[in-house]
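Analysis of the macromolecular model
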Amino acid sequence: MIRAYLDTGVFLVFLDRDDSNSERVLDAAADGLFLPVVSFHTFQEATHNLLARRTKEEASWLRYFVWTLPGLEVVTADRLESLRGEYGDRVADPSDLPHVRAYLAAECDRFVTVNRRLTRMAIREVVVFRSPRELLEELGLPVVETPQGI
Amino acid sequence: MASHVTHVRLAREDLAFIDDAVESGRFLDRTDFIRSAVRLQIHDLAKERLRDARSRRRRPTPFPELLASLRASRKAVHREIWG
C-alpha cells in the first residue's frame, strides 16, 4: 500500500475550499486507501497558520482531525536527527527540509504537496512528488478540476 | 501519549458484535475496537466542524495568498524548532 507523506498545504486547502482534490485525498486516507504520514512539523505549522488566519477552535479541530486519521503515522523529531545536515543543497528553502527528511525517515513513497515550487527543485531526484490530483489519479479515484490540481 | 481509564456500559448485543469482530481478527480485543470507534467519531465530528467553519466563509483565500501564509508559518516554526 502507498505510504504518502501529506504536506501541510493539503490540510489548509481542505479547510479553505469546497470540494478540492486535497479534501478527496484526505477522504481516501480515511477510507484506508493509502497510509497517511505527517510529521510533528505538520501540526505545528497548521496550528501556527490557523491561529494567524482563522480561530483557535479551528486550529484545535484540525489537530483532532489529523490525529485521528485512520492508520496515521506521525514522524517525531528524534527520527529526523539522523538525517540532519543532509539534502540541504537540494532545496532553496531550508524550512522545507524537515518535511523532506520526515518523508525519507518514514520511508514514504509519495510526497503529496500543493507547493509546485518545491517539486521543481533538485530534491525531486530523491522524492516522488504528487499533487493531490495526481495521487487521486494514481489511486484510480475521481478528481475535481482545480488550478494546479490542489 | 498517556491514556486514561473510563468505564462504559454497553448493550449485550453491542458487546456480542464487538466480540465477533475481535474473534474474526479485525481487532486485537474489545479495547482496540472501542478505541478505534472513538477515534472515528472524533475524526468525523472534527471534520464536520471544519466543514461548517468553511461554509461560513464568503470565499476562499486566493491560492497564492494561502501559499504565502503557509510559507510564513513554515519559516516561523522552523526558526522556533531548529534555530
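The following paragraphs examine the structure supplied in this document. (Residues numbered from 1 in each chain as written. Chains lettered and ligands numbered in written order. Predicted model: local features only at pLDDT ≥ 70, side-chain atom pairs only at ≥ 80, totals over all residues.)

This part covers the overall build of chain A. A count of helical and extended segments in chain A gives seven helices and five strands. Tracing chain A from N to C terminus, the helices and strands come up as β-α-α-β-α-α-β-α-β-α-β-α. At 14 Å, chain A has a C-alpha radius of gyration in line with the 15 Å of a compact globule built from 150 residues. Reported as C-alpha extents along the three principal axes, the dimensions of chain A are approximately 40 × 35 × 25 Å. Counting across all 150 residues of chain A, residues that qualify as buried make up 48%. In chain A, once contacts between residues fewer than 6 apart in sequence are set aside, the share between residues at least 24 apart is 69%. (Helix = DSSP H or I, 4+ residues; strand = E, 2+ residues; numbered from the N terminus. Rg over C-alpha atoms; globule rule 2.2 N^0.38 Å. Buried ≥ 20, exposed ≤ 12 C-beta atoms within 10 Å, placed from the backbone. Contact = placed C-beta atoms within 7 Å.)

Turning next to the sheet that holds strand β3 (residues 73-75) of chain A. All names here are of chain A. Strands sit in the order β3-β2-β1-β4-β5 across an open sheet of five strands; the sheet is parallel. In this open sheet, the two strands that pair with only one neighbour each are β3 and β5 (129-130). Pairing of strand β2 (residues 35-39) with β3 involves three bridges; the strand directions are parallel. Paired with V37 across the bridge in β3 is E73. (Pairing = 2+ DSSP bridges.)

Residue and element names in this part refer to chain A. One way to put it is that helix α1 (residues 8-16) packs onto helix α3 (residues 40-53) with a least axis distance of 9 Å and a crossing angle of 35 degrees. Crossing of α1 against α3: the hand is right-handed. Judged by residue contacts, T8, F11 and L12 of α1 engage T42, E45, A46 and N49 from α3. (Axes fitted to C-alpha atoms, helices over the stretch in contact; angles between N-to-C directions. Left-handed = near helix turned anticlockwise from the far one by under 90°.)

In this assembly, 28 residues from chain A lie in contact with 22 residues from chain B. For the side of chain A that touches chain B, the secondary structure elements donating two or more residues are α1, α3 and α4 (56-67) of chain A. The biggest single contributor to the side of chain A that touches chain B is α3 of chain A, with seven residues. Class assignment for the residues of the side of chain A that touches chain B results in 13 nonpolar, nine polar and six charged. (Nonpolar A, V, L, I, M, F, W, Y, C, P; charged D, E, K, R; others polar.)

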